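The chain contents come next:
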Amino acid sequence: MPRGGWPIPIRPAAQGTYGSWSSLLFEGLNGCTRWVRGARALGCLRRKNRKTLPPCSRSPQHPDLQRPTRLRTPVASATALVQPEVEELEPAPSGPGQQVAEKHELGRLQYSLDYDFQSGQLLVGILQAEGLAALDLGGSSDPYVRVYLLPDKRRRHETKVHRQTLNPHFGENFAFKVPYVELGGRVLVMAVYDFDRFSRNDAIGEVRVPMSSVDLGRPVLAWRELQAAPREEEKLGDICFSLRYVPTAGKLTVIVLEAKNLKKMDVAGLSDPYVKVHLLQGGKKVRKKKTTIKKNTLNPYYNEAFSFEVPCDQVQKVQVELTVLDYDKLGKNEAIGRVAVGAAAGGAGLRHWADMLANPRRPIAQWHSLRPPDRVRPPPAP
């Protein structure tokens with residue numbers, strides 16, 4: 001991976017047709033100029049007895065600065081042919097279609113809700129979305145939906161990523177085990193994101209449903225417009241690492257590549273970050289590795305590899321946890337953030353793990369956003 005970052009292609013700006021407009025402007029104003037000169041000559045004859053100097057004998061001026069009153073209308077009409085008025089340039093709704101286009105600027109989402117009183121679970125269905133905003137340079141997006149119940153953002157579900165589409169069909173269902181008497185104080189959030197392997201995933205929009213406003217006596221099927229997502233919690237930074245698994249050798253390799261935009265931990269506004277890599281099995285740490293310490297930086301570069309022995313029959317039962325810490329020579333090292341990958345990790349951690357298993361013997365690199373270090377770890381895989 002290049003240290004300087006990934007190159008971003010830039011599309012050239014569209015070329016205009018300025019030549020045709022210039023020709024029209026020249027021809028229209030050329031005729032007006034001949035008319036103005038004739039009118040001025042006529043004015044000189046009519047005012048030849050006045051003592052003041054006639055306009056035609058004065059030094060030439062711009063037509064807009066010295067113009068007979070009766071010629072304003074013809075000049076204005078000629079100019080209007082090539083330069084519309086400001087009011088004409090303002091977008092105005094042309095009908096119901098235009099209003100709908102503005103209303104669907106971010107897109108909309110179809111979902112379903114139901115409550116299973118026997119199991120005490122809220123069932124959320126993410127069905128489809130349409131008219132999503134295009135966030136990629138190619139004019140499309142790679143959308144997925146993140147679902148959680150406020151105020152608890154730790155227990156959340158995510159749909160699969162649908163590549164290069166603004167009208168994805170998800171058809172996925174999720175369950176939240178919540179007592180019915182507690183649902184009234186919860187808010188269901190369905191946030192649509194654009195997935196990006198090499199940078200932070202961008203929020204397209206979200207739908208918030210206060211559960212106190214929903215009648216769960218019968219199944220709910222609804223469309224809702226996406227709203228702009230509010231600012232998220234404090235940013236801790238991002239880390240990029242690659243995963244590589246060789247099934248024949250039972251070898252898992254983690255390469256810690258770099259981190260960026262880490263949270264400032266020192267008084268001077270910097271940090272001394274290093275990364276701990278833990279292999280977990282059954283929720284317990286069984287192996288530990290760590291990188292070197294990078295002094296006075298919030299964007300450290302490591303490119304350090306660590307290997308673990310993981311048999312094929314155990315690869316679905318382990319997780320890898322990476323913790324970024326700030327080294328302190330005199331005090332306790334403070335954790336900046338943490339990220340976990342594995343079959344039970346969920347979200348981006350699960351996608352990265354699945355991509356590794358689908359591409360044996362190949363290193364798969366991906367950026368991950370750090371989570372608070374006290375965030376509950378994913379449950380152990382069965």
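Since the model is a prediction, treat every value here as computed from it, not as a measurement. (Residues numbered from 1 in each chain as written. Predicted model: local features only at pLDDT ≥ 70, side-chain atom pairs only at ≥ 80, totals over all residues. Heavy atoms only, no water.)

**Overview of the overall build of the protein chain**
Inference 1: From N to C terminus, the protein chain includes five helices and 16 strands.
Inference 2: Within the protein chain, counting contacts between residues at least 6 apart in sequence, those at least 24 apart form 65% of the total.
Inference 3: Only carbon and sulfur atoms are counted for the fraction: they give 53% of the accessible area of the protein chain, which is about 23,000 Å². (Helix = DSSP H or I, 4+ residues; strand = E, 2+ residues; numbered from the N terminus. Contact = heavy atoms within 4.5 Å. Areas by Shrake-Rupley, 256 points an atom, 1.4 Å probe, with all protein chains shown as cover.)

**Comments concerning the nonpolar core**
Inference 1: With 30 residues, the main nonpolar core has Ile 239, Val 277, Val 320, Leu 322 and Trp 353 as its most contacted residues.
Inference 2: Those elements that place two or more of their residues in this core are β9 (238-246), β10 (251-260), β11 (273-281), β13 (301-309), β14 (318-326), β15 (334-342) and α5 (347-358).
Inference 3: Judged by nonpolar contacts, the second largest core, of 29 residues, contains Tyr 115, Phe 174, Leu 188 and Val 192. (Core = buried A, V, L, I, M, F, W, Y, C linked by side-chain atoms within 4.5 Å. Buried < 20%, exposed > 50% of the residue type's maximum accessible area, 1.4 Å probe, protein only.)

**Details of unusual backbone geometry**
Inference 1: Each neighbour pair has its own omega, and for Leu 150 with Pro 151 the value is 10°, a cis peptide bond.
Inference 2: Secondary-structure assignment places Pro 151 in the loop between β3 (143-150) and β4 (152-158).
Inference 3: In the Ramachandran plot, Gln 164 falls in the positive-phi region, its phi being about 50° despite a non-glycine side chain.
Inference 4: Position of Gln 164 among the secondary structure elements: in the loop between β4 and β5 (169-177).

**Description of the sheet that holds β10**
Inference 1: Strand order in the open sheet formed by four strands is β13-β10-β9-β16, and the pairing between neighbours is antiparallel. Of all the strands in the sheet, just β13 and β16 (364-369) have a single pairing partner and so form its edges. Looking at each pair of strands side by side, their axes are set apart by 25° on average, direction ignored.
Inference 2: On the sheet, α5 packs against β9, β10 and β16 and is oriented at approximately 175° with respect to β16. (Pairing = 2+ DSSP bridges. Axes fitted to C-alpha atoms, helices over the stretch in contact; angles between N-to-C directions.)

**A closer look at the pattern of salt bridges**
It is possible for side chains bearing opposite charge to pair when their charged atoms get close.
Inference 1: Scanning all chains against the criterion turns up five salt bridges.
Inference 2: Across the pair Glu 130 and Arg 108 runs a salt bridge whose closest N-O atoms are separated by 2.7 Å. With Glu 130 in strand β2 (residues 121-130) and Arg 108 in strand β1 (residues 108-116), this pair connects stretches of sequence that are 22 residues apart.
Inference 3: Overall, the relative accessible area of 27% leaves Glu 130 in the partly exposed class.
Inference 4: A salt bridge links Glu 158 to Arg 351; the nearest nitrogen and oxygen atoms lie 3.2 Å apart. (Salt bridge = Lys/Arg side-chain N within 4 Å of Asp/Glu carboxyl O.)

**Thoughts on the packing of aromatic side chains**
Where two aromatic rings form a pair, the distance of their centres and the angle of their planes describe that pair.
Inference 1: Tallying each qualifying case throughout the model produces four aromatic pairs.
Inference 2: Centroid distance Tyr 144 to Tyr 193: 5.8 Å. Interplanar angle 20°. Geometry classified as stacked. A residue pair is termed long-range when its members are at least 10 positions apart, and Tyr 144 in strand β3 and Tyr 193 in strand β6 (residues 187-194) qualify at 49 residues.
Inference 3: When its relative accessible area of 0% is taken as the criterion, Tyr 144 is described as buried.
Inference 4: Taking the relative accessible area as the measure of exposure, Tyr 193 reaches 8% and is therefore buried.
Inference 5: Clustering of aromatic rings is evident, with ring pairs tying together Tyr 115, Phe 117 and Tyr 180.
Inference 6: The aromatic ring of Trp 223 is capped on one face by Arg 108, whose charged end is 4.2 Å from the ring centroid. (Phe/Tyr/Trp six-rings, centres within 6.5 Å; stacked < 30°, edge-to-face > 60°. Lys NZ or Arg CZ within 6 Å of the ring centre and 35° of its normal.)

**Remarks on the sheet that holds β4**
Inference 1: Taken together, the four strands give an open sheet; going across it, the order is β4-β3-β6-β7, and neighbouring strands pair in antiparallel fashion. Each end of this open sheet is capped by a strand with a single partner; those strands are β4 and β7 (202-210). Neighbour-to-neighbour, the strand axes of this sheet turn through a mean angle of 25°, independent of strand direction.

**Topic: the confidence of the model for the protein chain**
The predicted structure's coordinates, where accompanied by low pLDDT, should not be read in detail.
Inference 1: Looking at the protein chain, the pLDDT average stands at 76 and 68% of residues meet or exceed 70.
Inference 2: Predicted confidence for residues 44-104 stays below pLDDT 50, and this span has 31 contacts to residues more than four positions away or in other chains.
Inference 3: Contacts from residues 378-382, a stretch scored under 50 in pLDDT, to residues over four places away or in other chains number twelve contacts. (pLDDT = per-residue confidence, 0-100.)

**Describing the pairing of β1**
Moving residue by residue along a regular strand, the side chains alternate between the two faces of the sheet.
Inference 1: Across six bridges, the pairing between β1 and strand β8 (residues 220-225) is antiparallel. Paired with Ser 112 across the bridge in β8 is Leu 221.

**Focus on the environment of Tyr 144**
Inference 1: When the C-alpha atoms of Tyr 144 and Glu 158 are compared, they prove to be 7.0 Å apart, with 14 residues separating the residues in sequence.
Inference 2: Aside from chain neighbours lying at most four places away, what touches Tyr 144 is Glu 158, Thr 159, Lys 160, Val 161, Phe 170, Ala 191, Val 192, Tyr 193, Phe 195, Asn 201 and Arg 351.
Inference 3: Engagement of the side chain of Tyr 144 in a polar contact is seen with the side chain of Arg 146, the distance being 3.2 Å. (Polar contact = N/O pair within 3.5 Å; in protein donor to acceptor, adjacent residues only side chain to side chain.)

**Thoughts on the environment of Gly 107**
Inference 1: Structurally, Gly 107 is set in the loop between α4 (96-103) and β1.
Inference 2: You can call Gly 107 buried: its relative accessible area is 1%.
Inference 3: The spacing of Gly 107 and Glu 130 is 23 residues in sequence and 5.7 Å in space, taken between C-alpha atoms.
Inference 4: Residues within four places of Gly 107 in sequence aside, it is in contact with Glu 130, Gly 131, Leu 132, Glu 225 and Leu 226.

**What about the pairing of β6?**
Inference 1: The element β6 is largely enclosed, with a buried count of seven among its eight residues.
Inference 2: Bridging between β3 and β6 involves eight bridges; their strand directions are antiparallel. Opposite Arg 146, over in β6, you have Ala 191 as the bridge partner.
Inference 3: Here eight bridges tie β6 to β7, and the two strands are oriented antiparallel to one another. If you follow Met 190 over to β7, its bridge partner there is Val 207.

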